[in-house]
Amino acid sequence: MGNVLESCLKSAKGEKQKEEGEGEGEVKAPVYSWDKRRDDIDPANYCFENLNGETAAKLPGVVGGQSFDIENCKDCVLFVFDHVATLTIDDCVNCTIVVGACKGSVFLRDCEDIRLAVACQQFRSRDCKRVDSFLHCNTQPIIESSVKMRFGCLQMDYDVVTDNKEFGSEPEQLHLSDHFKEAGLSFYNNGWYGIYDFSPVQHALNYSFLPSTTQISQHIPEDAVGSIATDSVRVCFSSTPYVPVTHGVEHAVLGGSSALFTIFKGKSGTDEQVGEVLTTLHNSGCQLRRCKETKMNTDTINRIYGQDTKPEFARAAKEGMVIGFEVEGDIGKLRSSLSTAPV
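Remember, predicted model here, so these are calculated numbers, not experimental data.

Caption draft 1: Seen up close, the nonpolar core. One finds Phe79, Met156, Phe237, Phe261, Phe325 and Val327 to be the most contacted residues of the largest nonpolar core, which totals 44 residues. If you tally residues by element for this core, the top one is helix H5 (residues 271-283), at four residues. Grouped together as the second largest cluster of nonpolar side chains are 39 residues, Cys73, Ile89, Leu116 and Cys128 included.

So this is what it looks like as structure tokens:
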């Protein structure tokens, strides 16, 4: 039996050596999936570099969730109508930069006189000055060794339509909300106002807040969007926000009464329905301090709203996300307008 086993092993080894020896002794290197993709990648799709006085844009699908770099640009208007993994902006001067949604971090370094609009998970600046940032940020924005930084809530929307005639397919229409979802960002988790300064100075602040009426669209030249449009691409840039406009806690606008109200999305609730509620809030003369989307269990619901919470609310919380809004203004008028919502 031992001789038979040894013979089989030798035979198998000989067959393997024969296969490896085919092709006159050449040994084929292993081919991995990332090697196959590398040939299809154009590095120019993932950066703006060394531009001066130009308007440039990346249209939907060009970046497609990869990391993006903007470096050494001056006097430019730059658009990225897409979602990205991370965004790095280095050594730029006097530029207006609009990026749809960033799944991870935005790094801004050694820049000055910048107008930036972006939604992101994290924002960090270092060695920057005179930067106006219109942010949707899931965490506290961080500045370091930076001065004259101004922050505001992101208020923008874009609508990009590609005709796709050359591919024989139907026109494709994409909004900022599509890229929010691609980047995994919630419309309602925005801490743009909670700035953390790693290098504070005595008796002064390195940052301030923009007036709530200021929007990134006011910094975009009228001909900038038109210059990137072609026969197959149409771009509409507006100030209608998908992101709720929040004012933060420390700099309330209206003063007076405040209240918390909650939307239980359940299984069937949509962002469009939430938007209708926010429109009602605005029309009632109230303003939004802050909001948060989260998941709640029954114990949390009972602790916040009391043991007599309606069963349908607890059930909806179990089935879907819960959005809390802190508002200020005429709460009585808001209560009557939102009679079906738990206020």
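Caption draft 2: Seen up close, the pairing of strand S3 (residues 68-71). Burial of the side chains of S3 is restricted to one face: Phe68 and Ile70 are buried, whereas none of Asp69 and Glu71 on the reverse face is. With three bridges connecting them, strand S1 (residues 47-49) and S3 associate as parallel partners. By the bridge assignment, Cys47 is partnered in S3 with Asp69. As paired strands, S3 and strand S5 (residues 87-90) are joined by four bridges and run parallel to one another. Across the sheet, the residue bridging to Phe68 is Leu87, located in S5.

Caption draft 3: Layout of the environment of Val131. Here Val131 shows up in strand S8 (residues 129-137). By relative accessible area, Val131 is classed as buried at 0%. Note: C-alpha distance between Val131 and Asn94 (37 residues apart in sequence) is 9.2 Å. Leaving out residues up to four positions away in the same chain, Val131 has contacts with Leu108, Cys111, Ile114, Lys148, Met149 and Arg150.

Caption draft 4: Examining the pattern of salt bridges more closely. The tally for this structure, following the rule as stated, stands at 10 salt bridges. Ionic pairing is found between Asp90 and Arg109, a salt bridge with its closest N-O pair at 2.8 Å. Taken together, the residues Asp90 in strand S5 and Arg109 in strand S6 (residues 93-109) connect sequence positions 19 residues apart. Using a relative accessible area of 27% as the deciding quantity, one classes Arg109 as partly exposed. Across the pair Arg289 and Glu326 runs a salt bridge whose closest N-O atoms are separated by 3.1 Å. With Arg289 in strand S17 (residues 287-294) and Glu326 in strand S18 (residues 322-328), this pair connects stretches of sequence that are 37 residues apart. Exposure class is identical for Arg289 and Glu326. Each is buried. Beyond isolated ion pairs, a larger network of salt bridges with shared partners links Arg289, Arg290, Glu326 and Glu328.

Caption draft 5: Region of interest: the side chain of Ser146. One can find Ser146 in the loop between strand S9 (142-144) and strand S10 (147-153). For Ser146, a relative accessible area of 1% puts it in the buried group. Polar contacts involving the side chain of Ser146 include one to the side chain of Ser125, which spans 3.3 Å. Reaching out from Ser146, the side chain makes a polar contact with the backbone nitrogen of Asp127 at a distance of 3.4 Å. Filtering out sequence-adjacent residues up to four positions away, Ser146 remains in contact with Ser125, Arg126, Asp127, Cys128, Ser199 and Asn206.

Caption draft 6: Representation of the state of the cysteines within the structure. In total, this model carries zero disulfides according to the counting rule given. In this structure Cys111 is not part of a disulfide, and its nearest cysteine sulfur, from Cys92, lies 4.8 Å away. Owing to a relative accessible area of 2%, Cys111 belongs among the buried residues under this scheme.

Caption draft 7: Expanded view of the pairing of strand S11 (residues 157-162). Taken across its six residues, S11 has six buried, putting it largely inside the fold. Residues Asp157, Asp159 and Val161 line one face of S11 and the alternating positions Tyr158, Val160 and Thr162 line the opposite face, and both faces are buried. Alignment of S11 against strand S12 (residues 172-175), held across four bridges, turns out to be antiparallel. Looking at S12, one finds that Asp159 is bridged to His175.

Conventions and cut-offs
Residues numbered from 1 in each chain as written. Predicted model: local features only at pLDDT ≥ 70, side-chain atom pairs only at ≥ 80, totals over all residues. Heavy atoms only, no water. Core = buried A, V, L, I, M, F, W, Y, C linked by side-chain atoms within 4.5 Å. Buried < 20%, exposed > 50% of the residue type's maximum accessible area, 1.4 Å probe, protein only. Helix = DSSP H or I, 4+ residues; strand = E, 2+ residues; numbered from the N terminus. Pairing = 2+ DSSP bridges. Contact = heavy atoms within 4.5 Å. Salt bridge = Lys/Arg side-chain N within 4 Å of Asp/Glu carboxyl O. Polar contact = N/O pair within 3.5 Å; in protein donor to acceptor, adjacent residues only side chain to side chain. Disulfide = S-S within 2.5 Å.

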